[in-house]
Amino acid sequence: MSAFSDMQDLLADFLTEASDLLDDVDIGLVELEQRPDDAGLLNQVFRGFHTVKGGAGFLEATPLVELCHRGENLLDLLRGGSLRITPEIMDVILAATGEVRRMFSEMERGAMPEPAPAGLLLALEAAAMGETVDTSTLRTDSLPAAAAAEASRVPAHAAAPAPRADSEPDWLGYYRAAFGDPPGMQVEAQAAAEAGAPASSRPYRPEMLAPAGGAQAVAKDATIRVDTARFDQILNLSGEIGLTKNRLSCLRDALLGTSRRDDAAAETLDAVFSQLDTLVSDLQSAVMMARMQPVGRVFQKYSRLARDLARQLGKDVELNITGGETEVDKTILDELNDPLVHLIRNAVDHGIETMVERRSVGKPARGTVHLSARQTGDSIVIEVSDDGRGMDPDVIRRKAIEKGVISAEDAAVLDNAHCLQLIFLPGFSTRSEVSDLSGRGVGMDVVKTNIEKLKGQIDIQSAPGMGSHIVISLPLTLAILPVLMLKLVDQPYAIPLSVVREIIPLRQEEMHTVGSNQALTIRGEILPVIDLAVLLGRQREEPPSLAVVLAYGERQLVLGVDGFIGQDEVMIKPLEGIHPKGVAGATLSGDGTLVLVLEMKQLLEGVF
């Protein structure tokens, strides 16, 4: 039984407000260490502790009240001038905020929080009495969280439905996974039974796949006062309206194509369609704006991470943040945390030198890490740079060979830019010894994987002694995706427009063989030719006559298809419970046909 069963609403409100207050306290403490004479900032931190203590007292969370009270006493002595701010005192206070965060987690599960460690309570008392405190045994919450992120991996794809004997995909199964059972499913099943065949094996027909209502997306987290599930529901409804608009468009075309034409009705239909089109666009824009969150709220938390890690390593590091007002979709912001934690930790741990090393090469003792964000068109660009030791391509090449992540022959032909990309390979690390912070070769490959999962790109520039500069480019949102609609064996598919470079005719007489693969020369560049039907396991009678030139990362290829439908912006629905390789999700075309949205990078894994 919950320790707060009779006050669940109060507990939820308290945790929401107190978590925000604690974030502000952490940010204020890191800034206070840089500006110890800022009385206004110190008062703000004190008020945060005092407010949390008051709310905890109302909930009768005695362990939390006791911890906040001791922290409040120490801050009050700092306010009164009886004590001066020192790095050791800051270590103790930050350790206390980490323990408060741990107690919040226990209360969120409905349990009364366990008391704070006796060593931390004694350290708070000793610091309040002006005694020297040994902070080496105190841990804050930021470093364990980063270590946990170090071990995070991208989950493997669940198995896709078993392939059919005739190589025809299970369209109905995909539809069910994305949109639920289509209307008339029971009638279809009965007809199939009468015909002696299961419903799932009957030919796919667009008319049986009309949009199903009631699909809901569940928010992963709630970081604003209004539950984001409500925004997700509105976004889902706006997507359904968009599908209805597409159906209406097809209906209009059908009516205008009849022999008996009613000009007044056609004019009215055009006006209604135009109005619906405007409303759908406005609704989608409004919902997207409602989900946009400033990156600064997340960025500010990394100041403490950099500070704690620098203290642990005996370094002096300052994290400068710019562009915190830049906004991005909340879903992307949530997924950015782990990659940015890795990059900040690497900059402090690997990039910034010790104070002695920096002085010996004429650098200031304090190292600087820059974290910035800016919007460029429909993308957000995040940069992480440092003024540390930088990376030596020759050292990276040698370490990659030692770790067995690349052969000596392959390494020999890499230029400096490609050598830097080796740090993103699984198992790569420049450290010869494993520590609790690095050396296991897990981290940068996860960063790249997570960024690419968000449909983004990551690039790195570095030079020995000059520091490193990492640039991440991401879409502002993943909810609405611009795609190119194409046809393969009379079935529509969609590929992200971001990977499309051009559409070309594919003439068999112009292709040639390179090794065992077909290739095509385009403007002097030899590109491999791949048939989409081969990638998807579809059977075709004639070779493709059209192709699209794709570019992802540093690769380019020619993808053979049967035809093109056009360009569109679609809302992707996930295939719940199944994850076919190379399929990002599904949507519906204007006539109700199921359209699989392809993830080209995953689809092409192992091809080259």
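Our subject is the structure that appears above.
Residues numbered from 1 in each chain as written. Predicted model: local features only at pLDDT ≥ 70, side-chain atom pairs only at ≥ 80, totals over all residues. Heavy atoms only, no water.

**Student:** Lay out the sheet that holds strand E10 (residues 500-505) in plain terms, naming residues and giving numbers.
**Tutor:** The mixed open sheet is built from six strands, whose spatial order is E10-E14-E15-E13-E12-E11. The open sheet has two edge strands, E10 and strand E11 (512-514), and neither has a second partner. The mean angle between the axes of side-by-side strands here comes to 40°, regardless of whether they run parallel or antiparallel. Alignment of strand E14 (residues 546-552) against strand E15 (residues 555-561), held across seven bridges, turns out to be antiparallel. When the sheet's bridge partners are listed, Val548 is paired in E15 with Leu559. (Pairing = 2+ DSSP bridges. Helix = DSSP H or I, 4+ residues; strand = E, 2+ residues; numbered from the N terminus. Axes fitted to C-alpha atoms, helices over the stretch in contact; angles between N-to-C directions.)

**Student:** Before we move on, could you go through the packing of helix H1 (residues 8-34) against helix H2 (residues 39-58) and cite the residues and values that matter?
**Tutor:** For the pair H1 and H2, the least separation of the axes is 9 Å and the interaxial angle reads 155°. Overall, the two elements H1 and H2 adopt an arrangement that is roughly antiparallel. You can see that H1 and H2 cross each other, and the crossing is left-handed. Along its contact with H1, which presents Leu10, Phe14, Ala18, Leu21, Val25, Gly28, Leu29, Glu31 and Leu32, the element H2 presents Leu41, Leu42, Val45, Gly48, Phe49, Thr51, Val52, Gly55, Ala56 and Phe58. Looking at the contact of H1 with H2 residue by residue, the class counts come to 14 nonpolar, four polar and one charged. (Parallel < 35°, antiparallel > 145°, perpendicular 65-115°, else oblique. Left-handed = near helix turned anticlockwise from the far one by under 90°. Contact = heavy atoms within 4.5 Å. Nonpolar A, V, L, I, M, F, W, Y, C, P; charged D, E, K, R; others polar.)

**Student:** Residues and numbers for the nonpolar core, please.
**Tutor:** Core analysis: the biggest nonpolar cluster contains 48 residues, and Tyr302, Leu340, Ile344, Val369, Leu371, Ile382 and Leu474 have the highest contact counts within it. Broken down by element, the residue count for this core peaks at nine residues, all from helix H13 (residues 330-351). Leave out the neighbours within four places in its chain, and Tyr302 touches Leu319, Leu336, Asn337, Leu340, Val341, Ile344 and Leu371. Counting 46 residues, the second-largest nonpolar core is a separate cluster that includes Leu11, Val52, Ala61 and Met90. (Core = buried A, V, L, I, M, F, W, Y, C linked by side-chain atoms within 4.5 Å. Buried < 20%, exposed > 50% of the residue type's maximum accessible area, 1.4 Å probe, protein only.)

**Student:** Kindly report on the packing of helix H4 (residues 87-108) against helix H5 (residues 118-128), identifying the contributing residues and their values.
**Tutor:** Axis separation between H4 and H5 bottoms out at 10 Å; the angle between their running directions is 145°. Every pair of crossing elements has a handedness; the one defined by H4 and H5 is left-handed. Counted together, Ile89, Val92, Ala95, Ala96 and Glu99 of H4 and Leu120, Ala123, Leu124 and Ala127 of H5 form the full contact between these two elements. Of the residues that constitute the contact of H4 with H5, the class distribution is eight nonpolar, no polar and one charged.

**Student:** Tell me what's going on with empty space enclosed by the protein, and back it up with residues and numbers.
**Tutor:** Using the criterion set out here, one finds two cavities of 30 Å³ or more in the structure. Taken together, Leu22, Val25, Gly48, Phe49, Val52, Cys68 and Val100 form the lining of the second largest cavity. At three residues, the largest contribution of residues to the lining of the second largest cavity is made by H2. (1 Å grid on protein atoms, 1.4 Å probe; cavity = no way out; pocket = protein on both sides within 12 Å on 5 of 7 lines; lining within 4 Å. Points joined across faces, edges and corners; volume = space filled by probe spheres on them.)

**Student:** Account for the pattern of salt bridges, naming residues and giving values.
**Tutor:** On inspection of all chains with the given rule, the structure shows 34 salt bridges. With a shortest N-O distance of 2.8 Å, Asp394 and Arg397 are connected by a salt bridge. With a gap of three residues between them, Asp394 and Arg397 both fall in helix H15 (residues 393-403), about one helical turn apart. It is possible to trace a salt-bridge network through shared partners that takes in Asp23, Asp26, Glu33, Glu88, Asp91, Arg101, Lys301, Arg304, Arg307, Asp308 and Arg311. (Salt bridge = Lys/Arg side-chain N within 4 Å of Asp/Glu carboxyl O.)

**Student:** Describe the sheet that holds strand E7 (residues 467-475), with residues and values.
**Tutor:** The strand order E2-E4-E5-E7-E6 describes an open sheet built from five strands, whose pairing is mixed. In this open sheet, the two strands that pair with only one neighbour each are strand E2 (317-322) and strand E6 (457-463). With strand direction ignored, the average angle separating the axes of adjacent strands in the sheet is 10°. Two elements, E6 and E7, share seven bridges in a ladder whose sense is antiparallel. By the bridge assignment, Gln457 is partnered in E7 with Ser473. Those strands touched by helix H12 (residues 301-313) are E2 and strand E4 (367-376), and its axis lies near 165° from that of E2. Set on the sheet, helix H18 (residues 444-453) makes contact with E6 and E7; between it and E6 the angle comes to about 140°.

So far we have only geometry, and geometry alone does not tell us how the molecule works.
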